[in-house]
Amino acid sequence: MSRASNFPPPFSTAEFVAEPTDPADERIEVGILVVGAGPAGLACAIRLGQLIEENPDVAERLGEVPVAVLEKGKQPGSHLLSGAVVDPRGLRRLLGSRYRMEDLPTFGLVPAESVYVLTRHTALPIPPPPPMRNHGNWIFSLSQLGRFLAERAEEGGALILPETSAQKLLALHGRVVGVRTGDKGRNRDGGELGNFEAGSDLVAKVTVLAEGTQGHLTGVALDRFGLRGDDPQVWELGVKEVWKVARPLDRIIHTLGWPLRTGKRYREFGGSFIYPMGEDMVTIGLVVGLDYRDASLSVHDLLQELKTHPKIRRILAGGERVAWGAKTIPSGGFHALPSPLHAPGLLLCGDAAGMVNIPRLKGVHYAIESGRLAAEAAFRAFQRGETPASAVASYDAAVRDSFIWSDLYEVRNMRQVFGHGFFVGGALASAMTVSKGRVEVGKLPAEPDADQPLLVTDRDVSYPAPDGKLTFDKLSSVFASGNKTRDDQPNHIRIERRVPKEVAQMWAHMCPAQVYEIGAEDADGTVRVELAPSNCVQCGAITAKGGRLTPPEGGSGPEYTVT
Amino acid sequence: MRFLVFAEQHEGEFVKNSLGVLSKAASLGDADAVVVGADAGLAPELGKHGAKVVHVAAGDDTLAPPLPQPRVDVIAGLAPDYDAVLFGQSVLAADVAAGLAARLDAGLNWDLVDVELQDGELVGKRPALQDSVLVEVGWKSTPALALFRSGAFDPKESGGEPEVRDVDVQLEDFSTKVKMVEQAHAEESSGPSIEDADVIVAGGRGLGSPDNFTLAEDLAKALGGAVGATRAVVDAGWYPYSAQIGQTGKTVSPKLYVALGISGAIQHKVGMQSSGTIVAINKDPNAPIFEFSDLGVVGDLHEIAPKLTELVRARKGS
């Protein structure tokens, strides 16, 4: 049986760590550099704005551009996608009395909730298991929340640089001193086009990586500085759609079971979410653990299949799909957290560091809280009596004292137990929750997603044929993500191009954006993998499943607005 | 309403799109044209397409090469006498329009596909949300600046002899700083460019191999048209990027669009859906392209295309 991890991509960490190359007077100097304008990075920038206002004497030492935030998407929010039912703790602590929850771009408090176990034709309601209870949480479009937070960060003096990818980590004498941004205007072969613009060295005393799931430089930093946690990180892939609907939905819904299979040999862990977004919109998504084994599994097509369930078809009846997107979610939890969460000159936060509570399907509040704590640590580096080393180290202590740590500790073994199959895993997970993590099932072994031996079944024959109304193919979905990436640019996806057929099949089915196609077969039974990189919505699944996503030209990828 | 239309010409040939915009302007009000870098010999053709007055800016060598700033200087001097200045989309026109907007501090609506007068006000039509809806746009400032998509209007011959006026050109210092050193054409092609062609024969993955693009080329030649390609085949290196039609390629609207082996993904559709007549040949009866074709042929294009080419040649007697 093939494993994708036996066919590693042409990629080396050394390629993406460099010393600054621009002459000293051409480097762009900033005080604190934040990579990623998501909830973590923007919370960091907002908190820094508050600290600068409160400490004008320290602020002077941050220089002309005290805080810069790099964003690879067209604008903040373009690459943000989540459910999202958000635990308000992070936002409340960040924004304090300045904003009430009602002042944020929210769709309101969770009104009520239901959980169903599905079979093909039935839906059995079950009482919401403790981790799924969402009383007191708020419904958001994370993309919209990102745009709101970006405005607050700019009010606080942060410089946000959209359409700018962070390509290389700049390191000098064992410390991170900033990042190099990606070139723009190269053609497919790497040659310079008329509008070529070379990247720049951005140097800073402290760099905060808040790149989100599958962060490119985060991966590089984990290897370069030996920060990997006890367990390898693992991921789930979520694909979701936003619908305009004829009738309002009066509750949030989670489902378990169908269309996923419960047999242990398939390792299919996941579920769906259906949330109202005001009176006339609904979002529906399916999340599946990427430790699945079946090369014919396609989360996008399973989501299409899910929508044909009578219960769900009724919710969407008379409606119209208005948006689509996909993203991975780190699910390794506590044992996969980087250790420590810092390196010289560098801090890691949010999804990039894997701060997600998988049983609760929540991470936005951890991203915000960790961004806030990273801001405080980074700011300390500029205070008298502090050394940069003691300042960044204080971040680890702050995270350990926060709700991030205690929450993730409580559910530390929850994800792995589902390797036992859905029902056994479900029972163990419930026991762990009810006991607040005191039921020890022992630390379970974790394997990288790409190590799972592949099997091939015929499950893809049951995927519904797209009708363009309820069910959609991948290409029209990529269109609905707003993706209009320039085709004539270098390929940003690193994979081994000649692999056994089942590995190629796995990639082709896995990718929700139809980036991979199975090409010509060779005499030895391997096939060539053909790529359409401009379809890529940068979900990150390929990095989990044996390849490596690097950032394409800044401004590429989806342009999410309501996801 | 008084319109000034930028009549773009290269080596004495007008860009068809700008003639289309002129014809449209003439149907709405008084339309004048401005031609830069050429002599008055071209004026009659603009008159035919509806221009009452043709402003000719020639006589200075700096005006001949297709550089935007000298053109901005010329038009900025004329613009105050007009309610609107209109452009047909091209690389040069986009540069000139943007420069003019900055110079005059006037609003520019771009990517328009139509324009009309509503109660004496100019209203533009602009596709939005990936061409799924058409929005109406207006202007707060004068003159109203507008840039129209390729093929938005057909050139119509309606007018007569125009009055020719020479423009006294005052170039700004900075406008003469850029010199044209060399002009290179990346991809030589015979026949019309795909933006200008009345007929486009486009090939997709259904052609089977790069060599089979000759099927599309032969048919295009017989029809007097240009060859287009889908993103998939450009990605695969079968055909140059300059021929790519679709969301991330060119947007075209020829009178006749023949799609050979093209499935019709929405990314392709948005680049050609405003074509006059769409003919699709595809062996897959479920291909989405049949949903928006005027004529669909389910069959093997390798058999059909050569026969079609022969028939067209026979009919044309060539």
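Reading the values: rules and limits
- Numbering of residues begins from 1 in every chain and follows the order in which that chain's sequence is written.
- Labels follow written order: the first chain is A, the first ligand is 1, and so on.
- Per-residue local features of the predicted model are confined to residues with pLDDT of at least 70, and side-chain atom pairs are confined, for both listing and counting, to 80 or more; whole-chain, interface and lining totals are unaffected and use all residues.
- Helix and strand assignments follow DSSP, with helices taken as H or I runs no shorter than four residues and strands as E runs no shorter than two, numbered in order from the N terminus.
- C-alpha atoms define the radius of gyration in this analysis, and the globule rule sets the expected value at 2.2 Å times the number of residues to the power 0.38.
- Any residue whose C-beta has 12 or fewer other C-beta atoms within 10 Å is treated as exposed, any with 20 or more as buried, and any in between as partly exposed, C-beta atoms being built from the backbone.
- What counts as a contact here is a pair of residues whose C-beta atoms, placed from the backbone, lie within 7 Å.
- Gly is placed with the polar residues, together with every amino acid not listed as nonpolar (Ala, Val, Leu, Ile, Met, Phe, Trp, Tyr, Cys and Pro) or charged (Asp, Glu, Lys and Arg).
- These domain boundaries are the output of an automatic or database domain assignment.
- Lines fitted to C-alpha atoms define the axes, with helix axes restricted to the stretch in contact, and inter-axis angles between N-to-C directions lie between 0 and 180 degrees.
- Geometric relationships in this document are graded by angle, where less than 35 degrees denotes roughly parallel, more than 145 denotes roughly antiparallel, 65 to 115 denotes roughly perpendicular, and other angles denote oblique.
- Helix crossings get a hand from a simple test, with the near helix turned counterclockwise from the far one by less than a right angle marking a left-handed crossing and a clockwise turn marking a right-handed one.
- Should DSSP find at least two bridges between two strands, the strands are taken to pair.
- Note on terminology: a nonpolar core is any set of buried Ala, Val, Leu, Ile, Met, Phe, Trp, Tyr and Cys residues joined through C-beta atoms within 7 Å.

**Structural notes on the overall build of chain A**
Per the secondary structure count, chain A includes 14 helices and 28 strands. A compact globule built from 563 residues would reach a C-alpha radius of gyration of about 24 Å, and chain A, at 22 Å, matches this within 12%. If one aligns the C-alpha atoms of chain A with their principal axes, the spans along those axes are about 65 × 60 × 45 Å. Going through the 563 residues of chain A one by one, you find that 56% of them count as buried.

**A few points about the overall build of chain B**
In terms of helices and strands, chain B carries eight helices and 17 strands. On C-alpha atoms alone, chain B measures out to a radius of gyration of 21 Å, which is about the 20 Å that the 2.2 N^0.38 rule sets for 318 residues. If one aligns the C-alpha atoms of chain B with their principal axes, the spans along those axes are about 60 × 45 × 35 Å. Burial statistics for chain B: of 318 residues in total, 47% are counted as buried.

**Some remarks on the interface of chain A and chain B**
In many analyses, interface size is given as the accessible surface area lost on bringing the parts together. Tallying the contact residues gives ten residues for chain A and ten residues for chain B. Partitioning the side of chain A that touches chain B into residue classes produces three nonpolar, three polar and four charged.

**As for the domain arrangement of chain A**
For chain A, the assigned domains read domain 1 (29–103 + 143–184 + 196–229 + 337–410), domain 2 (106–140 + 233–333 + 451–549) and domain 3 (416–446). Within the side of domain 1 of chain A that touches domain 2 of chain A, the residues separate by chemical class into twelve nonpolar, seven polar and three charged.

**A short note on helix α5 (residues 216–224) of chain A**
Every α-helix winds through 3.6 residues per turn, so residues three or four apart in the chain are directed the same way. Residue and element names in this part refer to chain A. In terms of residue burial, α5 counts as a mostly covered element, since seven of its nine residues are buried. Every buried residue of α5 is accounted for by His216, Leu217, Thr218, Gly219, Val220, Ala221 and Leu222. Once α5 ends, the next one or two residues include Gly226, with phi positive near 60 degrees.

**A look at the domain arrangement of chain B**
Residues and elements named next belong to chain B. Along its sequence, chain B is carved into domain 1 (2–176) and domain 2 (199–316). A separation of 32 Å is found between the C-alpha centroids of domain 1 and domain 2. Contact residues are listed per partner, giving five residues for domain 1 and five residues for domain 2. Of the residues contributing to the side of domain 1 that touches domain 2, the split by class is no nonpolar, three polar and two charged.

**Focus on the environment of Asp218 of chain B**
Among the secondary structure elements, Asp218 of chain B is positioned in helix α5 (residues 213–223). Taking C-alpha positions, Asp218 of chain B is 9.4 Å from Val201 of chain B, a pair spaced 17 residues apart along the chain.

**With respect to the packing of helix α1 (residues 39–54) of chain A against helix α8 (residues 364–380) of chain A**
All names here are of chain A. Look at α1 against α8: their axes get within 7 Å of each other, and the N-to-C directions meet at 40 degrees. By the criterion of interaxial angle, the relationship of α1 to α8 is oblique. Where α1 crosses over α8, the two elements pack in a sense that is right-handed. Taken together, the residues of α8 that come into contact with α1 (itself represented by Pro39, Ala40, Gly41, Ala43, Cys44, Arg47, Leu48 and Leu51) are Val364, Ala367, Ile368, Ser370, Gly371, Arg372, Ala374, Ala375, Glu376 and Phe379. Here the contact of α1 with α8 is built from residues that sort into twelve nonpolar, three polar and three charged.

**Structural notes on the sheet that holds strand β9 (residues 121–128) of chain B**
Residue and element names in this part refer to chain B. Spatially, three strands are ordered β8-β9-β10 in an open sheet, and the strand pairing comes out antiparallel. Edge positions in the sheet fall to β8 (114–118) and β10 (133–137), since each has one partner strand and no second. Sheet twist, expressed as the average angle between the axes of neighbouring strands with direction ignored, equals 30 degrees.

**Topic: the nonpolar core**
The tendency in soluble globular proteins is for nonpolar side chains to be buried as a group. In this structure, Ile32, Val34, Cys44, Val208, Leu347 and Cys349 of chain A are the most contacted members of the largest nonpolar core, which totals 166 residues. Top contributing element to this core by residue count: α8 of chain A, with ten residues. For Ile32 of chain A, the contacting residues outside a window of four places in its chain are Leu48, Leu62, Pro66, Val67, Ala204, Lys205, Val206, Val208 and Ala378 of chain A. Residues Val34, Phe87, Leu100 and Ala152 of chain B belong to the second largest nonpolar core, which totals 50 residues.

**Describing unusual backbone geometry**
A cis amide bond, omega 5 degrees, links Trp258 of chain A with the succeeding residue Pro259 of chain A. Mapping Pro259 of chain A onto the fold places it in the loop between β18 (252–257) and β19 (270–277). Look at Glu11 of chain B: it is not a glycine, yet its phi comes out positive at around 50 degrees. Checked against the element boundaries, Glu11 of chain B lands in the loop between β2 (9–10) and β3 (13–14).

**Quick notes on the sheet that holds strand β2 (residues 28–29) of chain A**
Residues and elements named next belong to chain A. Spatial strand order, β1-β11-β12-β15-β2: five strands in an open sheet with mixed pairing. The sheet is open, and its two borders are formed by β1 (17–18) and β2, each paired with just one other strand. Bridge count between β2 and strand β15 (residues 201–203): two bridges; the pairing is parallel. Counted as the bridge partner of Glu29 is Val203 from β15. α5 rests against β1, β11 (166–172) and β12 (175–181) of the sheet, and its axis sits at about 30 degrees to β11.

**Concerning the environment of Ala94 of chain B**
Residues and elements named next belong to chain B. Residue placement: Ala94 occurs in helix α4 (residues 91–104). Under the C-beta neighbour-count criterion, Ala94 is labelled partly exposed, with 16 such atoms within 10 Å. For the pair Ala94 and Gln170, spaced 76 residues apart in sequence, the C-alpha to C-alpha distance is 22 Å. In contact with Ala94, other than residues within four places in its own chain, are Gln89 and Leu147.

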